[in-house]
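Per-entry structural report
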Amino acid sequence: MNYKIEQGEKSTVKIYITLDKTEWEAANQEAYEKTKGKYSLQGFRKGHVPKAILERTYGKGVFYEDAINESFPKYYYDILDKEADLKPIDRPDIDIEKIDDDGITMVAIVPVKPDVKLGAYKGIKIEKVEYNVTDEDVEAELKKLQERNSRMVEVTDRPAQDGDTVVIDYSGSVDGVKFPGGTAEKQNLVLGSGSFIPGFEEQVVGMNIGDEKDINVTFPEDYHVEDLKGKDAVFAIKLHEIKFKELPEVNDDFIKDAVGSETIEAYKAETREKLQKEKDAKANAENEDKLLKAISDASEVEVPDVLVENQIDSIMQDLEYRLMYQGLKLEDYVKYIGSNMEEFRNNYREQAAANAKYQLVIDKIISEEKIDCTEEELDARIKELAEQSGKEFEAFKAEMNPRQIDYIKDSVIIKNLFDFLKSNNEIA
């Protein structure tokens, strides 16, 4: 096998793979051996028709397609192993330049990373983002702690009021006709939460257990169901239960039982420290993003569509996981907001293109500055992860597969990159 590589158009290279007569005959023979079982001719048992007979019957090229499919991957990946600098970003398109009994020349058009023309990535000054914890932030955490330790108390001696949780049946109709999704039984509703159609919850306030009434509402003009936008509707309501949330009294005993802190003041100090670490991490991430955006904006690169699509796929996957934890499917969510998958994906195209460019710029700087991860840095990071898992370093590392090791190594390289950028630029 001989091959040569030429620069193609728009971040592609062309790999010409030539098999001589002997190699091509071997590829055809291999294709025959793998496919002969499907052929049958009069006078021969199925799967036992000689290759020459099949070629005379169906033409010399009867095995060409299978021979190409079998031989191309083998030779293509062999070339990639030899050409370390050749880094495809997608599957190649294959064309045939020449094919006959004497051999074949296949042309692989391979999408590769485009070259990045870096702008300034040193000496840049950006305005620093900072976040500081306020007393209101700490009080909000204390309120959340109260909420987590609250209990629901049934109400039997008064009507429903804002803040209560009611259990209701409802059946909605427009012009006397019930509509899909407009009926439910024993539905929990927090009055004042704004989770139902505007005007709905306000009309439940004042109802007593066992009351039944009709509620008149108007669907918003931007409602997610097209047929209901702006329509007047009537909901028949029956109220079954009223509950209210009883919050515990906040004192030192409550704090000690709830989180183990000795006093309210100790809890507040610990909470302030925890929140500040979170805010510092958020600010650091935003400062890194601002710096990377400034470098990216100053750099020039033509981002291939395949990288943009890959970024959109990544965004979709992340969203799918987050929706899954809420008990939703991505497809159902897209329908719920009145969109379709193609339109929904296109909404993220600009963000995906920016992300793809950022990654190309990052890779270029890493290459230019020879930023790497030492064995000592790798082991230090693995030790951190082992401690977080409560395991011994050696045993934890031994359990890791090469892919996990590479992932950790890449994360260390990215950290080293941003350490380099922050030390060579000004964030103030």
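Please read all numbers here as calculations on a predicted model, not as lab measurements.

This paragraph deals with the packing of helix α1 (residues 21-35) against helix α3 (residues 64-82). Running from amino to carboxyl end, α1 crosses α3 at an angle of 115 degrees, the nearest separation of the two axes being 8 Å. It follows from the interaxial angle that α1 and α3 lie roughly perpendicular. Taken as a pair, α1 and α3 cross one another with a handedness that is right-handed. In this structure, α1 contributes Glu23, Trp24, Ala27, Asn28, Glu30, Ala31, Lys34 and Thr35 to the contact, and α3 contributes Tyr64, Asp66, Ala67, Ile68, Glu70, Ser71, Lys74 and Tyr75. Here the contact of α1 with α3 is composed, by residue class, of seven nonpolar, three polar and six charged.

So, on to the sheet that holds strand β1 (residues 2-7). One open sheet holds the four strands; their spatial order is β1-β2-β4-β3, and the pairing between them is antiparallel. Strands at the two margins of the open sheet, each flanked by one partner only, are β1 and β3 (93-100). For this sheet, the mean inter-axis angle between neighbouring strands, taken without regard to orientation, is 15 degrees. Its contacts with the sheet place α1 against β2 (12-19), β3 and β4 (103-111), and it is angled at close to 90 degrees to β2.

Quick look at the nonpolar core now. A general trend in soluble globular proteins is that nonpolar side chains are found buried together. In this structure, Ile295, Ile365, Ile382, Leu417 and Leu421 are the most contacted members of the largest nonpolar core, which totals 34 residues. Contributing elements (two or more residues each) for this core: α7 (264-297), α8 (305-324), α11 (349-369), α12 (375-389), α13 (393-399) and α14 (402-424). If one sorts the elements of this core by residue count, α14 sits on top with eight residues. Contacts of Ile365, omitting those with residues within four sequence positions, involve Leu118, Tyr121, Ile295, Lys370, Ile371, Leu417, Phe420 and Leu421. Counting residues in hydrophobic clusters, the runner-up holds 27 residues, among them Ala31, Leu80, Ile104 and Met106.

Moving on, we come to the pattern of salt bridges. With the rule as written, the count across this model stands at 35 salt bridges. Between Lys82 and Asp78 there is a salt bridge, and its shortest N-O distance comes to 3.3 Å. Pair noted here: Lys82 and Asp78 are both in helix α3, with a separation of four residues, about one helical turn. On the basis of relative accessible area, Asp78 is assigned to the partly exposed category, the value being 30%. The partner of Asp100 in a salt bridge is Lys98, with the nearest N and O atoms 3.5 Å apart. Residues joined by salt bridges that share partners form a network here, namely Lys51, Glu55, Lys60 and Asp101.

Now for the environment of Gly61. Counting through the fold element by element, Gly61 comes out in the loop between α2 (51-58) and α3. Judged by its relative accessible area of 38%, Gly61 is partly exposed. Measuring from C-alpha to C-alpha, the distance between Gly61 and Asn28 comes to 9.2 Å, with 33 residues separating the pair along the chain.

Moving on, we get to the packing of aromatic side chains. If you walk through the whole model with that rule in mind, you get 16 aromatic pairs. Residues Tyr39 and Phe63 carry aromatic rings whose centres are separated by 6.0 Å and whose planes lie at 80 degrees to one another, so their mutual orientation is edge-to-face. On the criterion of sequence distance, the pair formed by Tyr39 in the loop between α1 and α2 and Phe63 in the loop between α2 and α3 is long-range, its members being 24 residues apart. Since its relative accessible area comes to 0%, Phe63 is described here as buried. Ring centres of Phe196 and Phe200 lie 4.8 Å apart, and the angle between their planes is 55 degrees; on these two criteria the pair is classed as tilted. Feature note: the residues Tyr170, Phe179, Phe196, Phe200, Phe219, Tyr223 and Phe235 constitute an aromatic cluster, connected by ring pairs. A cation over a ring is seen here: Lys4 above Tyr16, with NZ or CZ 5.0 Å from the ring centre. A cation over an aromatic ring shows up here: Lys282 above the ring of Tyr131, its NZ or CZ 4.6 Å from the ring centre.

What counts and what doesn't
Residues numbered from 1 in each chain as written. Predicted model: local features only at pLDDT ≥ 70, side-chain atom pairs only at ≥ 80, totals over all residues. Heavy atoms only, no water. Axes fitted to C-alpha atoms, helices over the stretch in contact; angles between N-to-C directions. Helix = DSSP H or I, 4+ residues; strand = E, 2+ residues; numbered from the N terminus. Parallel < 35°, antiparallel > 145°, perpendicular 65-115°, else oblique. Left-handed = near helix turned anticlockwise from the far one by under 90°. Contact = heavy atoms within 4.5 Å. Nonpolar A, V, L, I, M, F, W, Y, C, P; charged D, E, K, R; others polar. Pairing = 2+ DSSP bridges. Core = buried A, V, L, I, M, F, W, Y, C linked by side-chain atoms within 4.5 Å. Buried < 20%, exposed > 50% of the residue type's maximum accessible area, 1.4 Å probe, protein only. Salt bridge = Lys/Arg side-chain N within 4 Å of Asp/Glu carboxyl O. Phe/Tyr/Trp six-rings, centres within 6.5 Å; stacked < 30°, edge-to-face > 60°. Lys NZ or Arg CZ within 6 Å of the ring centre and 35° of its normal.

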